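# Geometric and topological summary
Chain by chain, the residues:
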Amino acid sequence: MSPPPPLTGIRVLEFAGLAPGPFAGMLLADYGATVLRLDRVTSANMPSPDYLVRRKTSITVDLKNPSGLALVKALLPHVDVVIDPFRPGVLEKIGLSPQEVMMKINPRLVVGRMTGFRRDGKYKDMAGHDINYIAVSGVLGILGRKGEKPFAPGNIIGDFAGGGLVCFLGIVLALFGREKSGRGQVVEANMVDGSAYLATMPRFGLNNETWNRPRGENLLDSGCPYYDTYETKDGKFMAVGALEPQFFALLLKGLSISPTSLPGDRSDRTTWPYLRDIFTQKFKAHPRAHWEQVFDGTDACCTPVITQAELRQGGFRQRPVVTLRETPALAIAEKKEGVGAAEGQGEGVEGEGWAEKGLVPGEGGAEVLGRWVGWRRGRQFEVEKGGLVKVEGSRL
């Protein structure tokens, strides 16, 4: 039996939000933390739009109600982490300033603050979405093919990689620092800085041949014919990344292209149009399954572009973001025979990790308050107009 996950015993109060904040909370939960989401009071008994709720529970609180705010303040001494997903100034406005209020109540508290734009930047008071954050970070400008407009790759870079994952890292670092200092701290993460940091290599590459040309004309941004995708006969795609000479030689072998038939050295950019044309013709001549059979098990760096639907149909089981062999994360899906530490431990959650039923505001939270601090409805808290409030005169 493996030891418990590394964040077991850590209590997290997550203010409800969308995408990056909830993603950070879900990562904490996957590694053993208990995450209680604080939702707004709503009249609809429906799951919230946030589906990043694995292993979380919820309470509803009207933060404009002084008794609701009092309940949150009374809870702060009993939690380790607060996740703030709001725009700058929101917590301060409702009377929950992290440094002036929260950390005076609990000096060991770690407050993870997740914003889109920088708190001290030009756009700090503006609304935005992933596309806006990666735009001003300089990342969006390098994404896309030659002669085409910049291409936004969903909301993966800003919301999740540069946002939620970076916030999670900051919280874990702050918890690590607390072990040494005994004090918590405020963690300020934003998607502009997070995304810009992810683009460190392209930024350095501006000074050499790696990335010193316009968008879509560089080695790794679809400019190079042996680092690109190609359509197959059945309308599917193969991905090619044969950068090294020995890998390129194996690519040519698999495609039945004689090296002597090439017009020159592959490093000569004048040969690239020819290479792209011949690769396009070759891949289009057969379905993807043919090329999978040709290249599987080789070092040609040529693999199928598999869709999410194909992964699901094939029984692909998602793993935690990183494997800890001694203290693994909790399983993301229901446990099956033969599932090892690399795929988590314990029974996991219902299903195969491809869908989430959502979390109804208020679901399961009262029970968590009971386990955390022994609070009971009618004694320490009550429900007023759909939101939890501190019972007047009770000691929390």
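Just so you know, the residues in each chain are numbered from 1, in the order the chain's sequence is written. Reporting in this predicted model follows two pLDDT cut-offs: at least 70 for local features of residues, and 80 or more for side-chain atom pairs to be given and counted; totals over whole chains, interfaces and linings ignore these cut-offs and use all residues. The basis for the side-chain values is all heavy atoms of the structure; hydrogens and waters are excluded.

Below, the discussion takes up helix α7 (residues 191-198). Residue pairs three or four apart in sequence face the same way in an α-helix, which turns once every 3.6 residues. Only protein chains enter the accessibility calculation, which uses a 1.4 Å probe; a residue is then buried when its area is under 20% of its type maximum, exposed when over 50%, and partly exposed in between. Helix and strand definitions follow DSSP, with helices as H or I runs of at least four residues and strands as E runs of at least two, each counted in order from the N terminus. Residues of α7 that are buried include every one of M191, V192, G194, S195 and A196, and no others. As used in this structure description, the phrase polar contact means that two N or O atoms lie within 3.5 Å; if the pair is within protein, one of them must be able to donate a hydrogen and the other to accept it, and residues adjacent in sequence are counted only when both atoms belong to side chains. By the N-cap criterion, in which a side-chain oxygen at the helix start approaches the backbone nitrogen of a residue two or three places on, α7 is capped by N190, the distance to V192 being 3.1 Å.

What follows deals with the pattern of salt bridges. Note on definitions: salt bridges are taken to be side-chain nitrogens of Lys or Arg within 4 Å of carboxyl oxygens of Asp or Glu. Summed over all chains, the structure comprises 21 salt bridges. With a shortest N-O distance of 2.6 Å, R118 and D193 are connected by a salt bridge. Separated by 75 residues along the polypeptide, R118 in the loop between β5 (110-115) and α5 (130-136) and D193 in helix α7 bring together distant segments of the chain. Classification of R118 by relative accessible area gives partly exposed; the value is 41%. Through salt bridges with shared partners, a single network forms among D84, E92, R113 and R119.

This part is about unusual backbone geometry. Residues other than glycine seldom take positive phi values, yet S256 does so here, at roughly 60°. Residue placement: S256 occurs in the loop between α9 (245-254) and α10 (272-284). Of the residues examined, S256 reaches a relative accessible area of 60% and is grouped as exposed. We note that K385 has phi near 55°; this positive angle belongs to a residue other than glycine. With respect to the helices and strands, the residue K385 is situated in the loop between β10 (381-384) and β11 (387-390). The exposed category is assigned to K385, whose relative accessible area is 80%.

Attention shifts here to the domain arrangement of the chain. Either an automatic procedure or a domain database provided the assignment from which the domain bounds are taken. Under the domain assignment used here, the chain contains domain 1 (11-199 + 364-390) and domain 2 (227-314). Using only C-alpha atoms to locate each centre, domain 1 and domain 2 end up separated by 43 Å.

All right, on to the environment of D221 then. Following the sequence through the fold, D221 ends up in the loop between α8 (200-205) and β7 (227-231). C-alpha separation for the pair D221 and A174, spaced 47 residues apart in sequence, amounts to 35 Å. Residues in contact with D221, not counting those within four places in the same chain, are I142, G144, W211, P214, R215 and G216. Within the structure, D221 has its side chain in polar contact with the backbone nitrogen of N218 (distance 2.7 Å). Among the polar contacts made by the side chain of D221, one reaches the main-chain amide nitrogen of G223 at a distance of 3.3 Å. Residue contacts follow a heavy-atom distance rule, with two residues in contact if any of their heavy atoms lie within 4.5 Å.

This part takes up the sheet that holds strand β9 (residues 302-304). In this description, strands pair whenever DSSP reports at least two bridges between them. In spatial order, the strands read β7-β8-β9; together these 3 strands make up an open sheet with antiparallel pairing. Taken across any chain shown, the strands that pair with only one partner, and hence form the sheet edges, are β7 and β9. For this sheet the average axis-to-axis angle between neighbouring strands, irrespective of direction, equals 25°. The pairing of strand β8 (residues 237-241) with β9 spans 3 bridges and is antiparallel. Following the sheet pairing, M238 is matched in β9 by P304. To get an axis, fit a line to the C-alpha atoms, keeping to the stretch in contact for a helix; angles then go from 0 to 180 degrees between the N-to-C directions. Docked against the sheet, helix α11 (residues 288-295) engages β8 and β9, running at close to 35° with respect to β8.

It is worth spelling out the packing of aromatic side chains at this point. In this scheme Phe, Tyr and Trp rings, the latter by its six-membered ring, pair at centre separations within 6.5 Å, and the angle between planes marks the pair as stacked below 30 degrees, edge-to-face above 60, and tilted otherwise. Going through the model one piece at a time under the given rule, you end up with 13 aromatic pairs. Each ring, one from F117 and one from Y123, has its centre 5.3 Å from the other, and the planes form 35°; the classification is tilted. On the accessibility criterion, Y123 (28% relative accessible area) is partly exposed. Aromatic rings pair up to connect Y226, Y230, F248, W272, F279, F283, W291 and F295 into one cluster. For R266, the ring lying beneath its charged end belongs to Y226, and the centroid distance is 4.6 Å. Placement of a charge over a ring requires the Lys NZ or Arg CZ to be within 6 Å of the ring centre, with the centre-to-atom vector within 35 degrees of the ring normal.

Attention shifts here to helix α2 (residues 66-75). If you check which residues of α2 are buried, you get G68, L69, L71, V72, A74 and L75. Of the surrounding elements, those touching the buried residues of α2 are β1 (11-15), β2 (34-39), α13 (365-373), β10 and β11. Two or three places before S67, at the opening of α2, N65 has a side-chain oxygen 2.9 Å from that residue's backbone nitrogen.

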